[in-house]
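Geometric and topological summary
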Amino acid sequence: MQHQRVLVLDFGGQYNQLIARRARDLGVYCDLKPCDMTVGEIRAYDPIGIIFTGGPNSVYDPAAPHIDRAVLGLGIPVLGICYGSQLIAYTLGGKVEHAAMSEYGKREFSFLKESPLSEGIPQTSVCWMSHTDHVTEVPDGFAVLASTPTCPVTVYGNAEKAIYGVQFHPEVVHSEYGNKLLENFLYRVCGAKGDWTMGGFVAEQVALLKEKIGDKKVLCAMSGGVDSAVAATLVHRAVGSQLTCVFVDHGLLRKGESEEVMSVFKDGLGMNLIRADAGERFLKKLEGVCEPEEKRKIIGAEFIKVFEIEAKKIGAVDFLVQGTIYPDVIESGKDKSAVIKSHHNVGGLPSVVDFKEIVEPLRDLFKDEVRRVGAELGLPDSVVQRQPFPGPGLAIRIMGEVTREKLETLRDADYIFREEVAKAGLAGKIWQYFAVITNSKTVGVQGDFRTYENVIALRAVTSVDAMTADWARIPYDVLERISNRITNEVPHANRIVYDITSKPPATIEWE
Ligand code: XMP
């Protein structure tokens, strides 16, 4: 079962993954690949269309990435976006110049001529620009299709060759009809059939997994997170009881989560799910430890040790399931930047399991597709829409030493916060929201008595990828309700503060 595929060649722009996501949302499978793919590799990949992304360079920079002219002679439709558009013009003998003024933000552009790209788009609409260079002369045989008052060649193309360039970014939401333009390119220019659906993906993966696994044994580490839950459910759908899942419960999950994992996957789906109840063990290891990196390292190492004990009991398996997703695959090929926090995930597990092969059924999917697959498999919203949650769990939301009492206070406060955000209808609008126990106590007065208790901080942020974030503008009355409820209902909390820092300079988590 081979889907039609579109190739997105990555020239280094900031919205590149977004282009691939948009195309997939439009029902067309596509891959983001480095821009130095050779003509031979492109031909072998056999795409129905190619998209050149934007990028930070000028085509005249000595180090700017270029393309082999032969790519434009393959007879495969091409759409160049921003830098990609300039690159097509430059390669085919058009002219690219520094614009008198850089353009950032919303601009009105107008179509001058009809083309397959303009179908269903008003003659004038708003687009999102972000460029310094622009095309001033189109190559021979190409026509200018749209312009803005300051950008004479906003869209250009050659219908016969099926090659087009757009100066703006159709993939960002600020381009009013950007999605329509991409849809036009995919369906009217490339002849897409829309054969990429999550239902189709599930059926296809289940068949592939059945064939690959046969009657062999499979092991999976479940963390309670979306990726491992969906990966395990897919494999379970394919091979049922041949799959064993191990859930290392480090005792640092939020209120009700550990029980939910058991009820959804063991009781509900009937999975072979082993819960390693290691809360005590983790607490003991964390005794007296206050430094954030030290906590993270202890938890990461302990997680692997506990998993190893369980894996040894199970013995040799043929396959190990991992919840790797597409952004991990793309990122692992790139340079790593400075380590701000040592992230704990299941990366160290392969070394402690006796297995022959890794199975990664989600490695082609973006996060939103993983959620849709989860929904397709019948998993509840509480699992598939779960907000990002750090591997070290509540330990990094308790400043200073982690104790049983602080864990209880935090769980209860956090639960109230979540409940009230949901009641206010804000859950889907906020990227992450959670409570933190600060390492300070303050004086309060409750029922005529002096108290000396914890300050709880509320953290809520909006973000698209967790790389940058802004603090969420939760209405005052909602914050007031949360504050009242926590101070009334939760022992050992007498003051609530709201974190109004963006990332950077702060990070989303407090540790
Ligand atoms: P920061 O705090 O660095 O977090 O702004 C960025 C995103 O990553 C999550 N996070 C983690 N996720 N293991 C994870 O799997 C970790 O150790 C970890 N630490 C932070 C954080 O919740 C946010 O979504």
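Everything here concerns the structure above.
Being a predicted model, the structure only gives us computed values, none of them experimental.

1. Topic: the overall build of the protein chain
- Secondary structure assignment for the protein chain yields 14 helices and 18 strands.
- Over its C-alpha atoms the protein chain spans a radius of gyration of 26 Å, differing by no more than 12% from the 24 Å that the globule rule assigns to 511 residues.
- Seen along its three principal axes, the alpha-carbon backbone of the protein chain occupies a region of about 80 × 60 × 40 Å.
- Counting across all 511 residues of the protein chain, residues that qualify as buried make up 54%.
- By sequence separation, contacts in the protein chain at least 24 residues apart represent 75% of the contacts at least 6 residues apart.
- Carbon and sulfur atoms form 51% of the exposed surface of the protein chain, whose accessible area is close to 22,800 Å².
- In the protein chain, 57 side chains carry a positive charge and 68 a negative one; their mean positions are 3 Å apart.

2. Let's talk about the site of the ligand
- If you check the shell around the ligand, you find 14 residues, and the closest are R296, K341, Q432, K503 and E509.
- With respect to the ligand, the side chain of R296 contributes an N or O atom lying 2.8 Å from an oxygen atom.
- One of the backbone nitrogen or oxygen atoms of G391 is found 3.2 Å away from a nitrogen atom of the ligand.
- By residue class, the composition of the shell around the ligand is five nonpolar, five polar and four charged.

3. Digging into the side chain of R459
- Secondary-structure assignment places R459 in strand β16 (residues 449-462).
- Polar side-chain contacts of R459 include one of 2.9 Å to the backbone oxygen of T507.
- Setting aside residues no more than four positions away along its own chain, R459 makes contact with F417, Q432, Y433, F434, W471, D499, T501, S502, A506, T507, I508 and W510.

4. What to know about the sheet that holds strand β8 (residues 155-158)
- Overall, mixed pairing links the nine strands, which are arranged β2-β1-β3-β4-β9-β8-β7-β5-β6 in an open sheet. Only two strands of the sheet have a single neighbouring strand rather than two, namely β2 (29-34) and β6 (124-137). Within the sheet, the average angular offset between the axes of one strand and its neighbour, ignoring direction, is 20°.
- Where strand β1 (residues 5-10) meets strand β3 (residues 49-52), four bridges bridge the pair, whose relative direction is parallel. Residue L9 lies in a different strand from β3, and its bridge partner there is F52.
- Sheet contacts for helix α3 (residues 83-91): β3, β4 (78-81), β5 (95-111), β6, β8 and β9 (163-166); angle to β4, the most-contacted strand, approximately 120°.
- This element, helix α4 (residues 178-189), spans β1, β3, β4 and β9 of the sheet and lies at about 165° to β4.

So, how was this worked out
In this numbering scheme, every chain counts its residues from 1 along its sequence in written order. Totals for whole chains, interfaces and linings use every residue, but because this is a predicted model, local features are given only for residues with pLDDT of at least 70 and side-chain atom pairs only at 80 or more, for both listing and counting. Only heavy atoms go into the side-chain values, all of them from the structure, while hydrogens and water stay out. Segments assigned H or I by DSSP are reported as helices when at least four residues long, segments assigned E as strands when at least two residues long, and all are numbered from the N terminus. For the radius of gyration, the atom set is restricted to C-alpha positions; the globular benchmark scales as 2.2 Å times the number of residues to the power 0.38. Partly exposed residues are those whose accessible area sits between 20% and 50% of the maximum for their type, while under 20% is buried and over 50% is exposed, using a 1.4 Å probe and protein chains only. Between two residues, a contact is recorded if the distance between any of their heavy atoms is within 4.5 Å. Each accessible area value is a Shrake-Rupley result obtained with a 1.4 Å probe; residue values ignore everything except the protein chains displayed when judging cover. A residue counts as positive if it is Lys or Arg and as negative if it is Asp or Glu; His and the chain ends are not included. Charge positions are represented by NZ for Lys, CZ for Arg, CG for Asp and CD for Glu. Any residue with a heavy atom positioned within 4 Å of a molecule or strand is treated as near that molecule or strand. Pairs of N or O atoms are called polar contacts if they sit within 3.5 Å, as long as, within protein, a hydrogen donor faces a hydrogen acceptor (for residues adjacent in sequence, only side-chain-to-side-chain pairs). Gly is placed with the polar residues, together with every amino acid not listed as nonpolar (Ala, Val, Leu, Ile, Met, Phe, Trp, Tyr, Cys and Pro) or charged (Asp, Glu, Lys and Arg). Each pair of strands is called paired provided DSSP finds at least two bridges between the two strands. Fitting a line to C-alpha atoms yields each axis, with helices limited to the stretch in contact; the angle taken between N-to-C directions then spans 0 to 180 degrees.

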